[in-house]
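Chain residues, written in single-letter form:
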Amino acid sequence: MCSLLLAAMVSCEKEQKEWSKLYGYTQDDLVGQYSYSQSPGAFASLVENENAHLCSDAVVSIAATSEQNITFGLSCPDHNFQRSFSGKPSLMSNAFLISMGSEWVGLKRYALSATVLKNAQNDIRLEGFVSENHYERFYNADEERYDTVLSNSVNYYFDVIKN
C-alpha cells in the first residue's frame, strides 16, 4: 500500500515538474491547433456533473488576427459545445493566463480562462475552461430599476496540447 502511494506521489511530482507556467508567452507560442493532452494529471481534481463538463475530446484552434489579437476557438463534440473568443489573450497582470470574455448573448455571457504551460521539449499545453454564465433579470421595486443577477454557471474544462 505504501509503495503504491509513493509511486502516485512521484508520478504527480514528475507531472508538476515536467510542465511549468509559461510567463510572457507570445502569439507565436499560442497560434496553432490543439487536442487532448492525455496527461495523467488532466482533470485530476475535477468531477463531472451537470455544471462541470470534462472535455477530453476538446479541440482548440488559435489564430492571430492582428499583432496583439487572436481568435480562440473551443469545440467539445461530446457535449455539443462550441465557442469562439476574439481579442487580446491576456488582460490581466498574470502573464501566463489567457483570459477572454464575450459579449452578451441574450441573458448569457461566456468567459475563457486558461493557463499556458510549457515543458522541456518546448511543447505548449493549455489547461482551462469556458464558463457559460446564465443570468436572470429582476425588477427592483425599491430602486425602480432592473437588476441582472448570475443564476447559474456551466463550465467546460479542457486540457490540450499543441499539435
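Report follows, based on the coordinates. Nothing here was measured: the structure is a model prediction, and the numbers come from that model.

**Overview of the packing of aromatic side chains**
Okay, step 1: One pass over the structure, following the stated rule, counts eight aromatic pairs.
Okay, step 2: Centroid distance Tyr23 to Phe96: 5.0 Å. Interplanar angle 70°. Geometry classified as edge-to-face. Taken together, the residues span a long stretch of sequence, with Tyr23 in the loop between β1 (20-21) and α2 (27-30) and Phe96 in the loop between β6 (81-87) and β7 (97-101) at a distance of 73 residues.
Okay, step 3: Judged by its relative accessible area of 55%, Tyr23 is exposed.
Okay, step 4: Owing to a relative accessible area of 10%, Phe96 belongs among the buried residues under this scheme.
Okay, step 5: Relative to Tyr157, the ring of Phe129 has its centre 5.5 Å away and its plane inclined at 50°; by these criteria the two rings are tilted. Taken together, the residues Phe129 in strand β9 (residues 124-140) and Tyr157 in strand β10 (residues 145-162) connect sequence positions 28 residues apart.

**A look at the nonpolar core**
Okay, step 1: In this structure, Leu30, Val60, Phe72, Leu74, Ile98, Leu126 and Phe158 are the most contacted members of the largest nonpolar core, which totals 27 residues.
Okay, step 2: Every element with two or more residues in this core is listed here: β4 (59-64), β5 (70-76), β6, β7, β8 (108-118), β9 and β10.
Okay, step 3: The contacts of Ile98, once residues within four sequence positions are left out, are Tyr25, Leu30, Phe72, Pro89, Leu112, Ser113, Ala114, Val116 and Leu126.
Okay, step 4: Among the nonpolar cores identified, the runner-up in size contains five residues, and Ala42, Phe43, Leu54 and Tyr157 belong to it.

**Describing the pairing of strand β2 (residues 32-36)**
On any regular strand, side chains alternate: one points to one face of the sheet, the next to the other face.
Okay, step 1: Taken together, the four bridges between β2 and β4 define a ladder with antiparallel strand orientation. Considered in β4, the bridge of Ser35 is made with Val59.
Okay, step 2: With three bridges connecting them, β2 and β10 associate as antiparallel partners. Within the sheet, the bridge partner assigned to Tyr34 lies in β10 and is Lys162.

Criteria and cut-off values
- Residues numbered from 1 in each chain as written.
- Predicted model: local features only at pLDDT ≥ 70, side-chain atom pairs only at ≥ 80, totals over all residues.
- Heavy atoms only, no water.
- Phe/Tyr/Trp six-rings, centres within 6.5 Å; stacked < 30°, edge-to-face > 60°.
- Helix = DSSP H or I, 4+ residues; strand = E, 2+ residues; numbered from the N terminus.
- Buried < 20%, exposed > 50% of the residue type's maximum accessible area, 1.4 Å probe, protein only.
- Core = buried A, V, L, I, M, F, W, Y, C linked by side-chain atoms within 4.5 Å.
- Contact = heavy atoms within 4.5 Å.
- Pairing = 2+ DSSP bridges.

Read these as spatial facts, not as claims about activity.
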